[in-house]
Amino acid sequence: MATTSAAAPAAEATRARPFLARLAGEWPVLAIAAAFAGMALILPPAYDWPVIDSWAFGYTVQQLVEAGRLVLVDWGAMSLLAHVAWGALFSLPAGFSFAALNLSTWVLAFVLACASYAALRELDFAPLPSLMGAGVVLANPAVVLLSYSFMTDVPFLAWYTLAFWCYIRGLRRSAWPWLLAGSVFATIAVLIRQNGVVLPAALVAYVGWEWLRRRRPFPLRPALAAAALPVVALVVLTALSMAGVLSSRTNALAWIGAPAPARWAADLFRMALYLGLFMLPLTLAAGLRYAARFPRLTLRDLAIPAGAFILFAVLAIYQYYHPLRLPYIGTWRLMPYFPAVWSIFGTGSEGEWLAGARDMIFGYRFWTMVTAAGCAGAALLIWPAFWRRLAPLPLPSPRLGREAVDEGFPLGFLVLAILAFLAPVLLFSGEIYERYLAGLLLPLAALVLHACRRTVARPSLPAWALVSVVFLAFGLALAGEFVAWNGAAWHAGDRVAATGAPAEKIDAGFVWNGWHFAEEVRRTELQPPADAPAYMELTPQIDRTYVVSFSPLAGYETIGREEYWSPLRWSVQELLVLRKTTG
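Residues numbered from 1 in each chain as written. Predicted model: local features only at pLDDT ≥ 70, side-chain atom pairs only at ≥ 80, totals over all residues. Heavy atoms only, no water.

1. Remarks on the overall build of the chain
- In terms of helices and strands, the chain carries 21 helices and six strands.
- Here the chain holds 583 residues, and the buried ones make up 55% of them.
- Restricting to contacts in the chain with at least 6 residues of sequence separation, those with at least 24 account for 75%. (Helix = DSSP H or I, 4+ residues; strand = E, 2+ residues; numbered from the N terminus. Buried < 20%, exposed > 50% of the residue type's maximum accessible area, 1.4 Å probe, protein only. Contact = heavy atoms within 4.5 Å.)

2. Structural notes on unusual backbone geometry
- The amide bond that connects Met335 to the next residue, Pro336, takes the cis arrangement and shows omega of 0 degrees.
- If you trace the backbone, Pro336 turns up in the loop between helix H14 (303-321) and strand E1 (342-343).

3. Comments concerning the sheet that holds strand E6 (residues 571-580)
- An order of E3-E4-E6-E5 is seen for the four strands of this open sheet, with the pairing classed as mixed. If you trace the sheet from one side to the other, it starts and ends with strand E3 (506-507) and strand E5 (556-566), each paired once.
- Of the strand pairs in this sheet, strand E4 (residues 546-549) and E6 are connected by four bridges, and their pairing is antiparallel. Among the inter-strand pairings, Tyr546 is bridged to a residue of E6, identified as Arg579.
- Seen against the sheet, helix H20 (residues 461-498) touches E3, E4, E5 and E6 and runs at an angle of roughly 145 degrees to E5. (Pairing = 2+ DSSP bridges. Axes fitted to C-alpha atoms, helices over the stretch in contact; angles between N-to-C directions.)

4. Examining the packing of aromatic side chains
- Applying the stated criterion to the full structure yields 37 aromatic pairs.
- Taken together, a centroid distance of 4.1 Å and an interplanar angle of 5 degrees make the contact between Tyr290 and Trp387 stacked. Of the two residues, Tyr290 is situated in helix H13 (residues 280-293) and Trp387 in helix H16 (residues 387-390); the sequence distance between them amounts to 97 residues. Grouping residues by exposure puts Tyr290 and Trp387 together as buried.
- Where Trp490 meets Trp515, the ring centres are 6.4 Å apart and the plane angle is 55 degrees; that geometry is what we call tilted. Here Trp490, found in helix H20, pairs with Trp515, found in helix H21 (residues 510-516); they are 25 residues apart in sequence, far enough to count as distant. With respect to class, Trp490 is no different from Trp515; both count as buried.
- Through a chain of ring-to-ring contacts, the aromatic side chains of Tyr59, Phe96, Phe98, Trp490 and Trp515 assemble into a single cluster. (Phe/Tyr/Trp six-rings, centres within 6.5 Å; stacked < 30°, edge-to-face > 60°.)

5. Points about a nonpolar patch on the surface
- Judged by side-chain polarity, Val232, Val236, Leu240 and Val245 come together as a nonpolar surface patch covering roughly 320 Å² of accessible area.
- Topologically, Val232 is positioned in helix H11 (residues 220-242).
- Residue Val232 is classed as partly exposed on the basis of its relative accessible area, which comes to 48%. (Patch = residues over 30% accessible without salt bridge, like charges linked within 9 Å, V, L, I, M, F, W, Y side chains within 5 Å. Areas by Shrake-Rupley, 256 points an atom, 1.4 Å probe, with all protein chains shown as cover. Salt bridge = Lys/Arg side-chain N within 4 Å of Asp/Glu carboxyl O.)

6. Side note on helix H19 (residues 441-454)
- Its 14 residues give H19 an end-to-end C-alpha distance of 20 Å, which sits within 8% of 20 Å, the value for a rise of 1.5 Å per residue.
- Of the residues making up H19, those classed as buried are Leu441, Leu442, Pro443, Leu444, Ala445, Ala446, Val448, Leu449, His450, Ala451, Cys452 and Arg454.
- Remark: Val456 follows H19 within two positions and exhibits a positive phi of approximately 55 degrees. (Expected span 1.5 Å × (residues − 1).)

7. Section: the pattern of salt bridges
- Counted under the stated rule, the structure contains 15 salt bridges.
- Glu122 serves as the salt-bridge partner of Arg173, at 3.1 Å between the closest nitrogen and oxygen. With a gap of 51 residues between them, Arg173 in helix H8 (residues 153-173) and Glu122 in helix H5 (residues 98-122) connect regions that are remote in the sequence.
- We classify Arg173 as partly exposed; its relative accessible area is 48%.
- Under the relative-accessibility criterion, Glu122 is labelled buried at 8%.

8. Side note on the environment of Ile168
- Locating Ile168 in the fold gives a position in helix H8.
- Beyond its immediate sequence surroundings of up to four residues, Ile168 is in contact with Ala119, Glu122, Leu123 and Phe413.

9. What to know about the packing of H13 against H20
- Put simply, H13 and H20 touch, their axes get as near as 8 Å, and they point 160 degrees apart. Taken as axis vectors, H13 and H20 run roughly antiparallel relative to one another. Considering the relative orientation of H13 and H20, their crossing is right-handed. Each of Leu280, Pro281, Leu282, Leu284, Ala285, Leu288 and Arg289 in H13 lies in contact with H20, whose residues at this interface are Leu461, Ala463, Trp464, Val467, Ser468 and Phe471.
- Split into classes, the residues belonging to the contact of H13 with H20 amount to 11 nonpolar, one polar and one charged. (Parallel < 35°, antiparallel > 145°, perpendicular 65-115°, else oblique. Left-handed = near helix turned anticlockwise from the far one by under 90°. Nonpolar A, V, L, I, M, F, W, Y, C, P; charged D, E, K, R; others polar.)

10. Topic: helix H3 (residues 54-67)
- Given a rise of 1.5 Å per residue, 14 residues ought to cover 20 Å, and the 19 Å separating the end C-alpha atoms of H3 matches this to within 8%.
- Across the 14 residues that make up H3, a large majority, 10, are buried.
- Among the residues making up H3, those that are buried are Ser54, Trp55, Ala56, Phe57, Gly58, Tyr59, Thr60, Val61, Gln62 and Gln63.
- Along its buried surface, H3 packs onto helix H4 (81-91), H5 and H21.
- In the segment just after H3, Gly68 is the residue with positive phi, at about 70 degrees.

11. Description of the pairing of E6
- Note: E5 against E6, 10 bridges, orientation antiparallel. Along E6, the bridge assignment pairs Thr558 with Leu578.

12. Remarks on the pairing of E4
- A two-sided burial pattern is seen for E4, the buried positions comprising Tyr546 and Val548 on one face and Val547 and Ser549 on the other.
- In this sheet, E4 lies alongside E3 in parallel orientation, the contact comprising two bridges. From the neighbouring strand, Asp507 faces E4, where its bridge partner is Val547.

13. Topic: the confidence of the model for the chain
- Per-residue confidence for the chain averages 87 on the pLDDT scale, and 90% of its residues sit at or above 70.
- Scored below 50 in pLDDT, residues 391-404 makes 15 contacts in the model with residues more than four places away or belonging to other chains. (pLDDT = per-residue confidence, 0-100.)

14. Digging into the nonpolar core
- Ranked by size, the top nonpolar core spans 189 residues in total, and within it Trp55, Tyr148, Phe164, Met279, Trp342 and Phe413 carry the most contacts.
- Take this core: its biggest share by element is 19 residues, from H20.
- The contacts of Met279, once residues within four sequence positions are left out, are Val136, Leu381, Leu441, Leu444, Ala445 and Val448. (Core = buried A, V, L, I, M, F, W, Y, C linked by side-chain atoms within 4.5 Å.)

If you want it as structure tokens, here you go:
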């Protein structure tokens, strides 16, 4: 008996060792958690006011939680249903608050980072390269900023990336239950933003191609499992929109158009520079290691990145002298090209979210350097595609040939996922924001890492870490600035309202105005004053007796000030509370 009782703990310890070894091998998950903990300490996510379009989505959650009715504000064009349900879930413990909604997005931002890492690990990348690839998503300034909001971008990406991970796992293991799980996650993504359907479409196209190429019986069950549920969800959403049950703005077909070739060319150029800039932590690290590992690269070998850089630089110069002009956002000749959630003012453009002129941050030299970095990043993003042709180099082990490296790697699926995600963006009849490109970062990172693996050139850790830290710090500063001045405007509007002034006389910016007139959006024939900011088209019934502004306005006197801390300017700034003196 003694021998048996002594053997049991030993057996349990033996079984525990593989689990502990696997847990230790996945240390990047702890690194991601530590990064999020640090971000939360620097800038807590649970602040209690909305930013950008969060007021519209938050109003729907509030009505659902407090009144039991579904009120979809006629502002956004996304399907939104799963987003509202997720926000309502976080509102159940303590009631509705924007703090709960912002926290709900923060949780999904962590899920997004972990799912990105898990997808790359499923592609057989080692823990450190997988962390580098996931870091491209985690440290992206636009993703960081939107993680501190109740916008749909990060929640959509989280569920979309979970579906991406499940699809890859199902493909590599020939396991249809994983494809079905991916279908469920993709359906949730569709119920947030309709373009979530492109991922199962890419998978079905890939499965069909594999059937044609290998002449195997068509895998009908996996294909249906991957596509049926998201497609049905999109068809139902479209039918409800066309029947008038949902807003006509949620009809995805209504947003599909055929832009002019010149507009396509301009969009492709802007997207190339944005993707080049966003991918720079990984592509720079990969390019430096590749050049260091193979120092005998000739000028001919370097012709592709050098030529691409010159091409993008020439196009950037052309863009400077012939800028894209947008009707309500204005003109800007350097990166970040409008429209974008970050800008030369920090966030947003003049008149987009709050009244008054704003001072540019940093200066033209800084934004010229950002534009040059975008050109260099776009060139570096193209370069790995040619590494095999440039340098047919030996691998460290003769048994590990390129066929072994490529075996089981779903290259076609990744390419189709990129093309499918780009299709609705290019066909979108509205303005293309840089945040719409975030869904391309993970498959692009997988392709860059695969090119590194084929040439045995692991990306340079110091280069990746340096650029990632700079990106993350800049993203946190952007988010801190944005959250701070939006909070100041929100509180300033509340203070004016507390004096007895009716909401119809207070212009406290896009967010405050929208929240107080949410159910009247697009239901009035009134027109805003000719000199009103662009956002006043949302609430033209406000006569602007009181205005919260970045700067003094003609015909107004200052009756108050609202201070906030600006991380980008590293000083205390203030908004002005103005009262009309003329008219």
